[in-house]
Amino acid sequence: MADLIPAAFENLLRRIFLELEREGKIFDLPAGKFYRHTSSSPDLSVQFHGLRASTPVGPAAGPQDQLVQNIVLSWLAGARILELKTVQINDQLQIPRPCIDATNVGFNVEWSQELTLEQSLQEYVSASMMVDILKAAGLPGEDAPASTRDTIFDMSVGYDLAGIQSPQVRSWIAGMKDASALVEGLRARIPADFSRYRDLPFRTRISNTLTLSTFHGCPAEEIEGIVYFLLTEMDLHVTIKMNPPLLGREGVDYLLHDVLGYEDIQTREEDFDRDLKFPQALEIVDRLSEVARSRGRTLGVKFSNTLVVRNHRSFFTDETMYMSGAPLHVITLNLAQKFREAVGAGVPISFSAGVDQFNFPLCVAMGFVPVTTCTDLLRPGGYGRLHKYLINLEQKMSDAGAGDIANFILKSEGHGGAAVARAFGEVRSALQILEGSIPTADLGQVNLFLDDSERRAKDHLGTLAADLGEWCRGMIRDFERQVAPAIERWVASACHQALERIHDRAVREAAYLNTPGIVERATADPRYRLERNRAIPRKIGSRLYLYDCINCDKCVPVCPNDANFVYEVEPVEVQLRTYELTEAGVRITEAGRFTVAKSHQLANFADFCNDCGNCDVFCPEDGGPYLVKPRLFGSRAAWERSTTHDGYYVERRNGHDRAFGRINQREFSLDLDRERDRVVFTDQVLSVELEYSSDEPVSVRVLDAQRTGHALSMEPYYVLRTLMRGVLDPRRVNFVNVTSID
Ligand code: SF4
Ligand code: SF4
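Sequence order as written defines residue numbering, which begins from 1 separately in each chain. A letter from A marks each chain and a number from 1 marks each ligand, given out in the order of writing. Selection of residues for local features in this predicted model requires a pLDDT of at least 70, selection of side-chain atom pairs for listing and counting requires 80 or more, and totals for whole chains, interfaces and linings are taken over all residues. Hydrogens and water molecules were not included; the side-chain quantities draw on all heavy atoms of the structure.

Undergrad: Can you walk me through helix α6 (residues 180-187) in this structure?
TA: A turn of α-helix holds 3.6 residues, and therefore any two residues three or four places apart point the same way. Partly exposed describes any residue whose relative accessible area lies between the buried limit of under 20% and the exposed limit of over 50%, with all areas from a 1.4 Å probe on protein chains only and scaled to the type maximum. Strands here mean DSSP runs of E at least two residues long; helices mean DSSP runs of H or I at least four residues long; both are numbered from the N terminus. When α6 is considered as a whole, its buried residues turn out to be Val183, Leu186 and Arg187. Projected down its long axis, α6 shows its buried positions confined to an angular sector of 105°, all on one face. Pairs of residues are marked as contacts when any of their non-hydrogen atoms sit within 4.5 Å. Packing partners of the buried residues in α6 comprise α1 (9-23) and α3 (117-136). In this description, the arc belongs to the directions extending from the helix axis to the C-beta atoms.

Undergrad: Just checking my understanding: could you explain the environment of leucine 20 for this structure?
TA: Position of leucine 20 among the secondary structure elements: in helix α1. Of the residues examined, leucine 20 reaches a relative accessible area of 23% and is grouped as partly exposed. Distance in space between the C-alpha atoms of leucine 20 and proline 30 is 8.6 Å, their sequence separation being 10 residues. Dropping the residues within four chain positions of it, leucine 20 is found in contact with Arg15, Lys25, Ile26, Phe34 and Leu139.

Undergrad: In this structure, what is going on with the sheet that holds strand β25 (residues 678-682)? I would like to understand it.
TA: By way of backbone hydrogen bonds, the strands of a sheet pair with one another, either parallel or antiparallel. Think of it this way: DSSP has to see at least two bridges between two strands before they count as a pair. Reading across from one edge, β17-β20-β21-β22-β23-β24-β25-β26-β27 is the order of the 9 strands in this open sheet, with mixed pairing throughout. Edge positions in the sheet fall to β17 (564-568) and β27 (696-702), since each has one partner strand and no second. Adjacent strand axes in the sheet meet at a mean angle of 25°, parallel and antiparallel pairs treated alike. In this structure, strand β24 (residues 666-673) lies alongside β25, joined through 5 bridges in antiparallel fashion. Within β25, the residue paired with leucine 672 across the bridge is valine 679. Along the sheet face, helix α23 (residues 715-728) touches β17, β21 (631-633), β22 (647-653), β23 (656-663), β24, β25 and β26 (686-691) and points at about 130° away from the line of β23. Between N-to-C directions, angles span 0 to 180 degrees; the directions come from axes that are lines fitted to C-alpha atoms, helices contributing only their stretch in contact.

Undergrad: Before we go on, may I ask you to explain the site of ligand 2 in this structure?
TA: We call a residue near a molecule or strand whenever a single non-hydrogen atom of that residue lies within 4 Å of it. Neighbouring residues of ligand 2: 13 residues in total, closest Cys559, Cys609, Cys612, Gly613 and Cys615. The nonpolar class holds Ala, Val, Leu, Ile, Met, Phe, Trp, Tyr, Cys and Pro. Asp, Glu, Lys and Arg form the charged class, and all remaining residues, Gly among them, are polar. For the shell around ligand 2, a count of residues per class yields 6 nonpolar, 6 polar and 1 charged.

On their own, these measurements won't tell you what the molecule is for.
Below you can see the structure in the form of structure tokens.
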């Protein structure tokens, strides 16, 4: 398995600004795909565990929030609630590769963070600082107010009580709650050219919210124990991620097979037998909500984790795999609705399952916060697909005449009036409890005011661009002016408190009332059925080679880690020489040609590639870009360690450009002295010196005279020379040349 090697903080910073300045993009995401909030945009902000986030969207804990660049890319595309990739006590995982099959439905055998706990902490703190720097730089959208960049990092931990209570995970959580020392260390590493950012008030509390992920089969008492520990000892706001088996096997199979037609996807009885049961989930949520309230924390639930199914494809080798995408969207919506029917509108729900640009506004209309996405961002366009979610939401809000999310929830499905009635109903119920003690005259006045206000609130919701929040504030002012002076003080105060809850209550009720209709439509919508989700990405029948391909560039954005990149070369076609060591000296023969036909070339930065296989799924040619295109390492040590595949290391230092290559298990190197225009090419047996500008040989040296019969073809020379020139070319910024660009 390939080990991920995070980039140095200073190199990430240099790359962000160099790439933006020279190429108008950051980590290969074009500026046109950044989500830009303008002064005329509606307010997309939401509250999550009492904290403000400027949009309700973010990546689910997974491949889009593992490394700094993934988090930055998500943020640039509009994510403001980022559920960081799950960490756990076992931070030396061996995951089978490939691990992601987003061909159509979406399956994976992924798990938690592939970095150590220490590295994960460093990545998340670095990413938070990078976001602070981007905000200070006015990105994205110079004219957008700073309030459009409020961002929440939500921790995710797994998977059992012993692991989560371990000193290592406790200390990791403590590090996320107070990262002062790490922030100061990274601050000191900000290079001189970026000194303007050294004094920023970087966030040191990276997160105080956490989404819990548990193993399938984790007992109810254990889940409750973990959440209790997180709410109390770790003093966090907590979201419990629920698993789809909560819906029961019959319910899941009915939707999967009878409604959606995915007959070939099979669930297993044992995965349902040992999982949390629905009544147990209700009980623990009820008890833990009380614990959270008593501690001044909040508790939410997330629907849902992926669905474990039998592996019926040949992509993975495991017996089971985890399903996401279109069918999970319908299953999870039905589960969320069942939960809401059981508990009412009060428990906050975050959502993840088959979210895309089309159903995202509907998920927002159901009041889910955040709405998280994963599989969709693995498809062509990658992170660039995310800003469309927000543009579509803005459009739907404009259609509904809603200037903010609360009003969108109230107005989008036509349940605002009923929601207002329920909210006023709650005030009346509260007053009923006090009825015996409230003077009759006071009660009459209050009831008159409530009846009139409820009618006016409903009328107001029917007007264009109505803002119920603003209207409610006006209603409370009216109450204070017209009613409060005429009734007893304590009654006025109790009414005032109840009236202050009307807006939030109405929004929650509207979200609740919106849910059944949206779920029913989604369940009947053909876009989630098998017929619409069985197409496979087109392959054109040709093979990939080290150089040249059809240059569709799909492999760049589909990589969640931005490991694949484009570089430019000079096309070349040359006759090849071979130097052979004989008893009589070095013999030169000529045979074969080396050709690079196109200037546009693709490479893979191996430090960021975890062999997930996603770029292979979407590449129209066969072979897999991550396996066939040049795999470049960020350090010579990493290149030396990785002996199983061909690979390369290129550097520019002290006037020399050097390239090292392992090609068909043989190692070659190139050393260019740019001032002298001389390059030495060697395989440690023979060494050829050439004039670099003309490729004319100057001399040949024998380094190991014992190796009679040894042959050195010049093909690796041209492979290395082409790669070295291309990736060091400063016109395109990448992680190989970022340290050498002035
Ligand atoms: S390697 Fe494949 S996906 Fe990448 S540009 Fe070439 S053909 Fe397209
Ligand atoms: S380069 Fe391909 S295989 Fe490697 S991490 Fe990216 S998508 Fe996965």
